[in-house]
Amino acid sequence: MKRDITERLLAARKAGRPVALVTDLGTGLQTLVYEDAIHGGFGLEDDLLEEVRERLRQDRSGLVSDLEDEEDGVQLFVQTHNPPLRLLVVGAVHIAQALAPLAALTGYAVTVIDPRGSFATESRFPGVALHDSWPDEALSALTIDNRTAVVTLTHDPKLDDPALLVALRSPAFYVGSLGSKRTHAKRLERLKEQGVTDAELARIHAPVGLDIGAVTPAEIALSVMAQITAVRRKAGAA
Amino acid sequence: MKDDILEQAAVWRAEGRKVALATVVATWGSSPRPVGSQMAVDDAGSMIGSVSGGCIEGAVVHEARKTMEDGEPRMISFGVSNEMAWEVGLACGGRVQVYVEAVE
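Residues numbered from 1 in each chain as written. Chains lettered and ligands numbered in written order. Predicted model: local features only at pLDDT ≥ 70, side-chain atom pairs only at ≥ 80, totals over all residues. Heavy atoms only, no water.

1. A closer look at the interface of chain B and chain A
Chain B puts 20 residues into the contact, and the matching count from chain A is 19 residues. With its nearest N and O atoms 3.5 Å apart, the salt bridge here joins K2 of chain A to E104 of chain B. Our enumeration of links across chain B and chain A arrives at 8 residue pairs in polar contact (both at pLDDT 80 or more). Counting residues per element, the ones that place at least two in the side of chain B that touches chain A are α1 (2–14), β1 (19–28) and β5 (95–103) of chain B. Residue composition of the side of chain B that touches chain A, by class: 12 nonpolar, 3 polar and 5 charged. (Contact = heavy atoms within 4.5 Å. Salt bridge = Lys/Arg side-chain N within 4 Å of Asp/Glu carboxyl O. Polar contact = N/O pair within 3.5 Å; in protein donor to acceptor, adjacent residues only side chain to side chain. Helix = DSSP H or I, 4+ residues; strand = E, 2+ residues; numbered from the N terminus. Nonpolar A, V, L, I, M, F, W, Y, C, P; charged D, E, K, R; others polar.)

In structure tokens form, the structure reads like this:
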């Protein structure tokens, strides 16, 4: 890897800018493909460039064959470098204490949001990013993208509803909300009154988590993380 | 995780060491580490990351040393169909292809 490529790659990752490193496995030459630019040792045909960008969007590293040069056996390897997955948790409750480390292990950068000062404390959430502003303000400030999952856990409409209003109109790939079927039915009514469409409401995973008969906070956290994984990996179970 | 590996490789390189980077580029069947997994090795024998469950790292380090010497990238394949591969212990039954390059 040339120094120029290494430096640009590290800089893009530091800036949270998605980039794919494309290596010609025959020559060792490398090119960086950004969402809107390309830089490096060789150019790419339009259709190939689109394939690389599609892989970048799907975060799918792997081999692509150069269609134009198939007889020469040119083989390209695409390695995607995307910003980290994020999990934004509203409600610094007991389940959140189990969910935060589990999500971190699974590869997510976790932020816990709770305006009630005594909940979101360093001693209850060691090493976790904490926000004590109102959930809708915090979520807006954190700029939800399509690599972000949002889970509300407070059970309190005052806190959960404003968070859901922001999350449902964001590109978040997963939105989940804690609460029984009855609680959720009431929640849907409230959100509808606030102008949320049926299509938007249908995005909420509730009751949150896969149905694995979870009882304890840790088991519920496990079911939530399992559901987020299933949605992200597009598995059927979610 | 791959993030830390590339960063570490760059740090080693900046310190003037020779560094090779190994990347899993293809897998077949059951294989312990997904495509894109990386391992960096320096000329003092330091390593970070992994390209398997630990079974082929020794062989990869051996190739990495050659790449550090001549600067040439290498492709290495491991699989149970190959007696040698069994010797280095890819017991999980899959096949894996690893690309080794020098960090300049």
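2. Comments concerning the pairing of strand β2 (residues 30–34) of chain A
Residue and element names in this part refer to chain A. Of all 5 residues in β2, 5 are buried; the element is thus mostly enclosed. As paired elements, strand β1 (residues 19–24) and β2 share 5 bridges and run antiparallel to each other. Across the sheet, the residue bridging to V19 is Y34, located in β2. Taking the residues between adjacent antiparallel strands as the criterion, β1 and β2 are bridged by 5 residues, where G28 takes a positive phi near 85°. (Buried < 20%, exposed > 50% of the residue type's maximum accessible area, 1.4 Å probe, protein only. Pairing = 2+ DSSP bridges.)

3. Notes on the sheet that holds strand β10 (residues 174–177) of chain A
Residue and element names in this part refer to chain A. Strand order in the open sheet made by the 6 strands is β8-β7-β6-β9-β10-β11, with parallel pairing throughout. Both edges of this open sheet fall to β8 (129–131) and β11 (204–205), since each of them pairs with a single strand only. Across 6 bridges, the pairing between strand β6 (residues 85–90) and strand β7 (residues 108–113) is parallel. Of the residues in β7, the one forming a bridge with V90 is I113. Sitting on the sheet, helix α5 (residues 157–168) is in contact with β6, β9 (148–152), β10 and β11, with an inclination near 165° to β10. (Axes fitted to C-alpha atoms, helices over the stretch in contact; angles between N-to-C directions.)

4. A word on a negative patch on the surface
Residues E45, D46, D47 and E51 of chain A make up a contiguous surface patch of negative charge. Assignment of secondary structure puts E45 of chain A in the loop between β3 (38–40) and α2 (46–58). (Patch = residues over 30% accessible without salt bridge, like charges linked within 9 Å, V, L, I, M, F, W, Y side chains within 5 Å. Areas by Shrake-Rupley, 256 points an atom, 1.4 Å probe, with all protein chains shown as cover. Lys, Arg positive; Asp, Glu negative; His and termini not counted. Charge placed at Lys NZ, Arg CZ, Asp CG, Glu CD.)

5. Concerning the UniProt feature "domain: XdhC Rossmann" (unreviewed entry) in chain A
Under the present numbering, the feature "domain: XdhC Rossmann" (unreviewed entry) in UniProt falls on residues 87–228 of chain A. Taken end to end, residues 87–228 of chain A is 42% helix and 17% strand, and its two terminal C-alpha atoms sit 9 Å from one another. (UniProt positions renumbered as here; feature names shortened; annotations may be inferred.)

6. A short note on the pattern of salt bridges
Summed over all chains, the structure comprises 19 salt bridges over all chains. One salt bridge in this structure joins R232 of chain A and D59 of chain A, with 3.2 Å as the shortest N-O distance. With a gap of 173 residues between them, R232 of chain A in helix α8 (residues 217–232) and D59 of chain A in the loop between α2 and β4 (62–65) connect regions that are remote in the sequence. Given a relative accessible area of 18%, R232 of chain A falls into the buried group. Residue K158 of chain A pairs with D156 of chain A through a salt bridge whose shortest N-O separation is 3.2 Å. For K158 of chain A, a relative accessible area of 54% puts it in the exposed group. By sharing partners, the salt bridges in this structure join E63, K66, D70 and R74 of chain B into a single network.

7. Here's the deal with unusual backbone geometry
Residue and element names in this part refer to chain A. In the segment running from A206 into P207, the intervening peptide bond is cis, with an omega of -10°. With respect to the helices, strands and loops of the structure, P207 is situated in the loop between β11 and α8. The phi torsion at T143 lies on the positive side, around 45°, for a residue other than glycine. Note on placement: T143 falls in the loop between α4 (135–141) and β9. Despite not being glycine, H155 has its phi angle at roughly 75°, a positive value. If you trace the backbone, H155 turns up in the loop between β9 and α5.

8. Comments concerning the packing of aromatic side chains
By the definition in use, this model includes 0 aromatic pairs over all chains. The ring of F119 of chain A is capped by R116 of chain A, whose NZ or CZ atom sits 3.9 Å from the centre of that ring. (Phe/Tyr/Trp six-rings, centres within 6.5 Å; stacked < 30°, edge-to-face > 60°. Lys NZ or Arg CZ within 6 Å of the ring centre and 35° of its normal.)

9. Let's talk about the confidence of the model for chain B
For residues with low pLDDT, the predicted coordinates do not support detailed interpretation. Residue and element names in this part refer to chain B. Per-residue confidence for chain B gives a mean pLDDT of 84, with 83% of residues at or over 70. No element of chain B has a lower mean pLDDT than helix α3 (residues 83–88), at 50, and none a higher one than strand β2 (residues 38–42), at 95. Model confidence for the complex: the whole-complex pTM is 0.73, and ipTM, which rates the interface, is 0.84. (pLDDT = per-residue confidence, 0-100.)

10. Points about the packing of α5 of chain A against helix α6 (residues 181–193) of chain A
Residues and elements named next belong to chain A. With their axes 11 Å apart at the nearest point, α5 and α6 run at an angle of 55° to one another. Looking at the two axes, α5 sits oblique to α6. The hand of the α5/α6 crossing is right-handed. Side by side, α5 and α6 meet where P157, D160, D161, L164 and L165 of the first sit next to R187, R190 and L191 of the second. Residues of the contact of α5 with α6, tallied by class, amount to 4 nonpolar, no polar and 4 charged. (Parallel < 35°, antiparallel > 145°, perpendicular 65-115°, else oblique. Left-handed = near helix turned anticlockwise from the far one by under 90°.)

11. What about the packing of helix α3 (residues 94–105) of chain A against α8 of chain A?
All names here are of chain A. Two elements in contact, α3 and α8, have axes whose closest approach is 8 Å; the angle formed by their N-to-C orientations is 50°. With respect to α8, the element α3 is oriented oblique. Handedness of the α3/α8 crossing: right-handed. Contacts between α3 and α8 involve H94, I95, A98, L99, L102 and A103 from the former and P217, A218, I220, A221, L222, V224 and M225 from the latter. Broken down by class, the residue content of the contact of α3 with α8 amounts to 12 nonpolar, 1 polar and no charged.

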